[in-house]
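Results of the structural survey
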Amino acid sequence: MASSGISVAPECIQTFNDLKLGKGGNSPKWIIYKISDDSKEIVVEESSSDPDYSKFREKLLNAKSKNKRGEECIGARYAVFDIEYDAASGEGKRSKITFISWVPDDAGLQPRMMYSSSKEALKRALTGIASDIQANDPDDIEHESIISRVSKGR
Amino acid sequence: MAAVLPPTQAPSKDDYAGDEINALVLDPGSYTTRAGFAGEDTPKSVTPTHYALSKSGEHIFGENAIHLPRGDVEIKNPFSSDGLVEDWDTAAKLWEYAITSRLTGARQTPPSKNGLNDDPVKDGEGDTAMVEDMEKMEDEEQSRTLEEYPLLMSEPGWNPVKAREKTIELAMEEWGVPAFFLAKTGQLAAYGNGKATALVVDVGHQNTSVTAVWEGMVLRKSIMHSNIASSFLSDQIRHMFTTQQVPLIPHYMVKTKQPVDAKVPSNATYTNFDTPPHASFRRLEEERVLTSFKESVVQAWPGPGRLDSNTDAVKMNPARPFEMPDGWNTVFGPERFKVAEGLFDTKSAYPDPSTNSTPPKSDDSIPSLMHRALNACDQDTKAPLLGNIVLTGAGSLIEKMPERLQTDLQALYPNPRVRVIANSSSVERKYGAWIGGSVLGSLGTFHQMWISKEEYAEFGAGIVERRCK
C-alpha cells in the first residue's frame, strides 16, 4: 500500500490512552491531531475535557494548513471524540470512541493528499477505536449525522 | 518547439519543505504520457502517447513531430485496447523521451562520438579493438539516463504481475534509477481528493475504470474496466457525423477557407500531397477535431431519467454551433446529447454504420461498471463507498457528466446517501493521478517506502509485488 510514511509522535498515543481510560476528572473528551508543519509526524494539536461538541466542530471547521509555499489555506485534521448518545431502545447512555478524519473537499491539494495517505498510520497506532468516520464536508461532522452513523455501529 | 526548449529546472529545495528528493513522477496513459518533478502542481511534460513510425523503422515522438503531415510515416500507439502496454520497447523509448525532452535534458553524447575528439588522421590498426571496448563501456554508462532521480510511476489497477515486474526492470536496469515505486492510479486519485475510502471512477481515453479503495487499500476484486471511454465517445461522434452527413476534414488538409453559411458546402481549397499521409495520420488529426467538438459542444443529459424518455426536455436546450476546419458549419441540437448517451446507456449508442462490429455490451456502460464494482465489495462497504465517489480522468470533463452519474446511481441505490465528487478544477481532473503522485513523491517521509537499487539487487523484480500493493 502506498502511504506517506509520516510517523506518529508518542504523545498521540499517550493522550489517546488518557481519553480511553478516562482516569481522573480531567481526562480528555476529545483530541485533535495534526500533521506537523515540517510534514514529518502526526502530533496532538489540542485536547480538552469539554464535552461540548459544537465547540469541537467549530475548531475543525476553522482548521488551517500551510501549503508548500507556506501560505495558509483551509486545512485538514484527524480527531478522536468520545461520543455519548442514548441507546435506541431507551437503555440509557452509550459512548463510543470515534475517529474522525476531517479532510474538507475545499482544502488545498497538499493537505488533502497528506492527510488521506497518512490516516492509516495513526489509526493503527490507536487501539480501541469503536467507530471511524471519513468526513469531507461540514454536513458530515454535524452532531446528528455523527450520532446516526456511530449508533449504527459504524 | 518543445524539443529544443532548455530542460527545466527541478523545483528548488525551499519549494517543497526542504526535502532533498528530486524525484520524478511518470503517469503513462494511452493518449498522453504525463511526467514531471515531484512537488510541482502540474506535470511539466505532457507528451502524446501516439508516435510516428517511419518506413526505415525510426520512432518519432512528441507533439510537434507527430502532427506533421508526412507521407512516409504511420501513426501507432504502444498501448493495447485494454489500456496496458503492448509494445514494451516503444513504450520504454517513449517514456524516456517524455522525461528527457522536457525535464532532465537529453543524455550527453559520449566524448568518443561528439566529434570533438576525432583524430583527423586515423591512427594505426592496433587500437581499434580497445576503442570499441571503450565505446561499449561508455555506451553503458551513458544509457543510464535517470540515475540521479528516484522514479514514482503509476499503473492501472488491473496491471498484471508480469507487466509490473517488467516496469521495475526497465527503471532499474535500463534507466538506472536509484529508487522506484509503483502506485495504482485509483489510489493516487482517491488520496488526491482527500479520501482513504472512495469509489474511484477514472474515465480515460481507451478505458474507463472503477476501483474501490478501502482504508487506502485497493480492493482488487472490485476493479472493473471497459472501453466505454473517451475514444468510444469519439467513435460515437464519427457515427453521428456519418448519419448526419457532416464532413470531417482535419486541419492539415485545409489550405484556405472562406466563411460559408450553415450547412452549405464549404468554400475551401485543400492541400495536395505528393504522397498523402497514412490513414492512421488522418485518424489522429480527426481525433483533434473531435476533441474540440467534445470540449465545446457535447453534453451529457443530466437526468433524471434517460435521454430517450426526455426528448421534449432535450429540445428545450439551446443548440450549439460548430465549425469544421474547412469552414463547413451547423448547429447541433439533440445530437450533442445523444452522442454522450452511449456512455451511460449503451443501448442508445449510435450503431456503427460502416462495419458489422458488435455493439457495446450493456454492462460496460459507466453506471453498470460502478454497479458491478460495488457488487464485488462486501455489503458493509457499499454505503461508505457510495458516499465517496470520486470522478477523475480527462474523459470525465464532458459537461454534466457528474450530475448524470449522480442521478443514475441514486436511482440504482435509493437508500444510502450517494455523493459524486468531481473536482471543479479541470487540471486536477485531467492529471489527478499524477498530482497525487507528485505530492507523495515529494514527502521526505516517503523515502522509507521507495524500493532502493540495493533492495532490487537483493530481491529481484519480485519485490514490487510485496512492496507496492
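Residues numbered from 1 in each chain as written. Chains lettered and ligands numbered in written order. Predicted model: local features only at pLDDT ≥ 70, side-chain atom pairs only at ≥ 80, totals over all residues. Heavy atoms only, no water.

A few words now on the overall build of chain A. A count of helical and extended segments in chain A gives four helices and eight strands. For chain A, the α and β elements follow one another from N to C terminus as β-α-β-β-α-β-β-β-β-α-β-α. On C-alpha atoms alone, chain A measures out to a radius of gyration of 15 Å, which is about the 15 Å that the 2.2 N^0.38 rule sets for 154 residues. Its C-alpha atoms give chain A principal-axis dimensions of roughly 50 × 30 × 30 Å. Taken across its 154 residues, chain A has 51% of its residues classed as buried. (Helix = DSSP H or I, 4+ residues; strand = E, 2+ residues; numbered from the N terminus. Rg over C-alpha atoms; globule rule 2.2 N^0.38 Å. Buried < 20%, exposed > 50% of the residue type's maximum accessible area, 1.4 Å probe, protein only.)

All names here are of chain B. Residues at a pLDDT of 70 or more form 86% of chain B, whose mean pLDDT is 86. Scored below 50 in pLDDT, residues 1–19 makes 37 contacts in the model with residues more than four places away or belonging to other chains. Counting interchain partners and residues more than four positions distant, the pLDDT-below-50 stretch residues 137–142 has eight contacts. Quick note on the complex model: pTM equals 0.87, ipTM equals 0.88. (pLDDT = per-residue confidence, 0-100. Contact = heavy atoms within 4.5 Å.)

To continue, consider helix H9 (residues 335–344) of chain B. Residue and element names in this part refer to chain B. Of all 10 residues in H9, nine are buried; the element is thus mostly enclosed. Inspection of H9 places Glu335, Arg336, Phe337, Val339, Ala340, Glu341, Gly342, Leu343 and Phe344 among the buried residues, and these make up the whole buried set. Next to the buried residues of H9 lie helix H6 (230–244), helix H8 (311–315), strand S15 (320–323), strand S16 (329–332), helix H10 (366–375) and helix H12 (401–412).

Another aspect to go through is the nonpolar core. In summary, soluble globular proteins display a tendency toward joint burial of nonpolar side chains. The biggest cluster of nonpolar side chains holds 76 residues, and the ones touching the most others in it are Tyr33(A), Trp95(B), Leu151(B), Ile168(B), Phe180(B) and Phe181(B). The dominant element in this core, judged by the number of residues it contributes, is helix H2 (residues 88–104) of chain B, at seven residues. For Phe180(B), the residues in contact, after removing those within four places along its chain, are Leu151(B), Met153(B), Thr167(B), Ile168(B), Ala171(B), Met172(B), Trp450(B) and Ile451(B). (Core = buried A, V, L, I, M, F, W, Y, C linked by side-chain atoms within 4.5 Å.)

The subject of this paragraph is the packing of helix H3 (residues 109–125) of chain A against helix H14 (residues 432–442) of chain B. Packing of H3(A) against H14(B) brings their axes to within 10 Å, and their N-to-C directions diverge by 75°. By the angle between their directions, the pair H3(A) and H14(B) is classed as roughly perpendicular. For the pair formed by H3(A) and H14(B), the contact residues are Leu109(A), Gln110(A), Met113(A), Met114(A) and Ser117(A) on the first element and Ile435(B), Gly436(B), Val439(B) and Leu440(B) on the second. By residue class, the composition of the contact of H3(A) with H14(B) is six nonpolar, three polar and no charged. (Axes fitted to C-alpha atoms, helices over the stretch in contact; angles between N-to-C directions. Parallel < 35°, antiparallel > 145°, perpendicular 65-115°, else oblique. Nonpolar A, V, L, I, M, F, W, Y, C, P; charged D, E, K, R; others polar.)

The next subject is empty space enclosed by the protein. Residue and element names in this part refer to chain B. With the rule as written, the count across this model stands at three cavities of 30 Å³ or more. Its volume calculated, the largest cavity comes out at about 120 Å³. Lining of the largest cavity is provided by 15 residues; of these, Val85, Trp95, Ser154, Pro156 and Asn159 occupy positions nearest its centre. Looking at the lining of the largest cavity, the elements that each hand over two or more residues are H2, strand S7 (151–155) and helix H4 (161–174). When residues in the lining of the largest cavity are grouped by element, the largest group, three residues, is from S7. (1 Å grid on protein atoms, 1.4 Å probe; cavity = no way out; pocket = protein on both sides within 12 Å on 5 of 7 lines; lining within 4 Å. Points joined across faces, edges and corners; volume = space filled by probe spheres on them.)

With 40 residues of chain B at the interface, the matching set in chain A holds 28 residues. Buried area between chain B and chain A, summed over both chains or domains, comes out near 2,800 Å², and the portion from carbon and sulfur atoms is 48%. It is Tyr191(B), Glu215(B) and Thr445(B) that lose the most area in chain B upon contact with chain A, and together they represent 20% of the buried surface on that side. Across the chain B-chain A interface, the total number found is seven salt bridges. The residue Glu215(B) makes a salt bridge to Lys119(A) at a minimum N-O spacing of 3.4 Å. Counting across the interface, chain B meets chain A through 15 residue pairs in polar contact (both at pLDDT 80 or more). A class-by-class count of the residues in the side of chain B that touches chain A yields 15 nonpolar, 12 polar and 13 charged. (Buried area = accessible area lost by both parts, 1.4 Å probe. Salt bridge = Lys/Arg side-chain N within 4 Å of Asp/Glu carboxyl O. Polar contact = N/O pair within 3.5 Å; in protein donor to acceptor, adjacent residues only side chain to side chain.)

Quick look at the pattern of salt bridges now. Close approach of charged atoms allows side chains of opposite charge to pair. A complete count under the given rule lists 37 salt bridges over all chains for this structure. The salt bridge partner of Arg112(A) is Glu428(B), with a shortest N-O separation of 2.7 Å. Taken together, the residues Arg112(A) in helix H3 and Glu428(B) in helix H13 (residues 426–430) connect one chain to another. Taking the relative accessible area as the measure of exposure, Arg112(A) reaches 5% and is therefore buried. For Glu399(B), the salt bridge goes to Arg320(B), with nearest N and O atoms at 3.0 Å. Of this pair, Glu399(B) sits in the loop between strand S17 (389–392) and H12 while Arg320(B) sits in strand S15, and the two are 79 residues apart along the sequence. A residue is classified by how much of its surface remains accessible, and Glu399(B), at 31% relative accessible area, is partly exposed.

Residue and element names in this part refer to chain B. A cluster of like negative charges, contributed by Asp89, Glu169, Glu173 and Glu174, occupies part of the molecular surface. Relative to the helices and strands, glutamate 173 resides in helix H4. When its relative accessible area of 46% is taken as the criterion, glutamate 173 is described as partly exposed. (Patch = residues over 30% accessible without salt bridge, like charges linked within 9 Å, V, L, I, M, F, W, Y side chains within 5 Å. Areas by Shrake-Rupley, 256 points an atom, 1.4 Å probe, with all protein chains shown as cover. Lys, Arg positive; Asp, Glu negative; His and termini not counted. Charge placed at Lys NZ, Arg CZ, Asp CG, Glu CD.)

A word on the sheet that holds strand S5 (residues 59–60) of chain B. Residues and elements named next belong to chain B. Spatial strand order, S5-S4-S6: three strands in an open sheet with antiparallel pairing. A strand with exactly one partner marks an edge of an open sheet, and here the two such strands are S5 and strand S6 (73–76). As paired strands, strand S4 (residues 51–54) and S5 are joined by two bridges and run antiparallel to one another. Note on S5: the bridge partner recorded for leucine 53 is histidine 59. (Pairing = 2+ DSSP bridges.)

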